[in-house]
Amino acid sequence: MVWLFIGISVFFSLMFVSLAIFSWRNVKRSLKPNTVTLEREIESNKKRGFWMDFDSYNKVEYEIKGKNDYILHAMFVDNEDVRGTGKYVILCHGHTNNRYGSVKYVHCFMKLGYSCIIYDARHHGLNKPDICTMGNIESDDLKCVIEDTRARYPDIKVLGLHGESMGSSTSLSVTRYNPDIDFIVADCGFTRCYDVVKDGYGNLHMAFVAPPINLAGIILYHVDMRKTCAIEHLENNKYPILFIHGSGDRLVKPYHSQKLYDVARKNGAYCELVMVEGAGHARSRAVAGFEQYTSYIQHFLEHIGL
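Residues numbered from 1 in each chain as written. Predicted model: local features only at pLDDT ≥ 70, side-chain atom pairs only at ≥ 80, totals over all residues. Heavy atoms only, no water.

Caption draft 1: Structural detail: helix H9 (residues 255-264). Looking only at H9, the buried set comprises His-256, Ser-257, Leu-260, Tyr-261, Val-263 and Ala-264. For H9, the angular spread of the buried residues around the axis is 170°, confining them to a single face. (Buried < 20%, exposed > 50% of the residue type's maximum accessible area, 1.4 Å probe, protein only. Helix = DSSP H or I, 4+ residues; strand = E, 2+ residues; numbered from the N terminus. Arc of directions from axis to C-beta.)

Written as structure tokens, this is what we have:
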């Protein structure tokens with residue numbers, strides 16, 4: 001009987017230690033991730049045909065002070081065709097990526113007459129290592145980017161945001177500050193970071209690990225993934241928003257954008273929801289193609305008078 005008790009105790013102790021290690025490793029991948037270098041992202045864009053004529057654009061690199069004076073590396077992109085239009089858009093890339101992850105969307109907005117600001121999110125690109133909160137603190141940084149853009153380019157007539165995945169969460173979450181922007185394009189965004197973790201492990205019949213992973217984030221990094229919650233910040237939304245999501249997205253399931261869309265428009269703000277058939281996570285631009293993806297944005301902007 002004693003040996004049975006000892007065996008059970010050892011078993012559960014090992015299970016606890018294993019779960020703790022598993023939770024630590026998985027939360028580290030999210031909150032302190034290994035990120036893609038600028039060079040690797042440039043190479044990837046060229047291989048996939050996303051680079052297009054980016055080399056021909058005028059580009060100016062500069063720095064922006066984010067929350068608590070954290071330095072964000074940014075780049076202004078334009079050409080003669082968009083210069084003087086007064087139309088600008090700030091693009092926010094996804095998790096582990098960098099400013100060049102937004103290049104595939106830059107071309108779309110340039111075609112529509114917009115100068116573009118792309119930048120490295122906190123902990124990504126050329127920025128110093130920090131904690132990544134998947135869109136929470138990043139939205140504080142984006143508020144600073146918006147204010148910097150307004151001050152830096154006084155000819156602005158229209159200023160919009162575009163975000164992919166984590167960048168979408170960032171763009172939607174910044175609305176809680178009522179920033180001076182005119183529209184948002186939210187591609188494959190999520191309701192809550194915690195929901196994505198729970199869904200992901202739920203697919204493996206392991207949804208029970210979501211609370212320990214979140215607890216590890218709170219203990220080790222002081223980050224509660226339940227607080228990265230774009231849907232809460234849309235309760236009083238006043239901004240026109242175009243939601244785009246791939247119907248084949250298995251990482252951030254399409255229901256996330258459906259829920260975000262339903263909440264964002266309930267107070268009368270104009271919103272559109274486009275589901276790209278068969279597209280996986282962050283693949284809508286690739287699957288739809290340059291012309292079609294651009295037409296989604298163009299139709300939306302025309303509808304809101306921009």
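Caption draft 2: Spatial organisation of the pairing of strand E3 (residues 87-92). Most of E3 is tucked away: 5 of the 6 residues are buried. Two elements, E3 and strand E5 (residues 158-164), share 6 bridges in a ladder whose sense is parallel. Bridge assignment links Val-89 to a residue of E5, and that residue is Gly-160. Following the backbone out of E3, through helix H3 (residues 103-111) and into the adjacent parallel strand E4 (residues 115-119), one traces a crossover that is right-handed. (Pairing = 2+ DSSP bridges. Right-handed = clockwise from strand over helix to strand, strands pointing away.)

Caption draft 3: Region of the structure containing the environment of Arg-40. The residue Arg-40 is located in helix H2 (residues 38-48) in this model. Overall, the relative accessible area of 56% leaves Arg-40 in the exposed class. For Arg-40 and Tyr-100, which are 60 residues apart along the polypeptide, the C-alpha to C-alpha distance reads 9.6 Å.

Caption draft 4: Focus on the environment of Lys-143. Mapping Lys-143 onto the fold places it in helix H4 (residues 136-152). A residue is classified by how much of its surface remains accessible, and Lys-143, at 28% relative accessible area, is partly exposed. Setting aside chain neighbours within four positions, we find Lys-143 in contact with Val-174 and Tyr-177. Within the local environment of Lys-143, its side chain forms a polar contact with the side chain of Glu-147, the two groups lying 2.9 Å apart. (Contact = heavy atoms within 4.5 Å. Polar contact = N/O pair within 3.5 Å; in protein donor to acceptor, adjacent residues only side chain to side chain.)

Caption draft 5: Here's a closer look at the side chain of His-73. Structurally, His-73 can be placed in strand E2 (residues 71-78). Looking at His-73, its side chain comes within polar contact range of the side chain of Asn-127, at 2.9 Å. Beyond its immediate stretch of four places on either side in the chain, His-73 contacts Tyr-62, Glu-63, Arg-99, Tyr-119, Asp-120, Leu-126 and Asn-127.

Caption draft 6: Quick peek at the packing of H4 against helix H5 (residues 166-173). Between H4 and H5, the least distance of the axes is 8 Å, while the angle of their chain directions is 65°. Crossing of H4 against H5: the hand is right-handed. Residue-level inspection shows Glu-138, Ser-139 and Leu-142 of H4 in contact with H5, the latter providing Thr-170, Ser-171 and Ser-173. In terms of residue class, the contact of H4 with H5 is made up of 1 nonpolar, 4 polar and 1 charged. (Axes fitted to C-alpha atoms, helices over the stretch in contact; angles between N-to-C directions. Left-handed = near helix turned anticlockwise from the far one by under 90°. Nonpolar A, V, L, I, M, F, W, Y, C, P; charged D, E, K, R; others polar.)

Caption draft 7: A nonpolar patch on the surface, seen in detail. Residues Leu-215, Ile-219 and Leu-220 make up a contiguous nonpolar surface patch of about 290 Å² in total accessible area. Note on placement: Leu-215 falls in helix H7 (residues 210-221). (Patch = residues over 30% accessible without salt bridge, like charges linked within 9 Å, V, L, I, M, F, W, Y side chains within 5 Å. Areas by Shrake-Rupley, 256 points an atom, 1.4 Å probe, with all protein chains shown as cover. Salt bridge = Lys/Arg side-chain N within 4 Å of Asp/Glu carboxyl O.)

Caption draft 8: Spatial organisation of empty space enclosed by the protein. Inspection of every chain in the model, using the stated rule, returns 1 cavity of 30 Å³ or more. Estimated volume of the largest cavity: approximately 70 Å³. Every residue lining the largest cavity is listed: Leu-72, Cys-92, His-93, Tyr-119, Ala-121, Arg-122, Glu-138, Asp-141, Met-166, Gly-167 and Thr-170. For the lining of the largest cavity, the elements supplying multiple residues, two or more each, are H4 and H5. Looking at the lining of the largest cavity, the element that brings in the most residues is H5, giving 3 residues. A breakdown of the residues in the lining of the largest cavity according to their chemical character gives 5 nonpolar, 3 polar and 3 charged. (1 Å grid on protein atoms, 1.4 Å probe; cavity = no way out; pocket = protein on both sides within 12 Å on 5 of 7 lines; lining within 4 Å. Points joined across faces, edges and corners; volume = space filled by probe spheres on them.)

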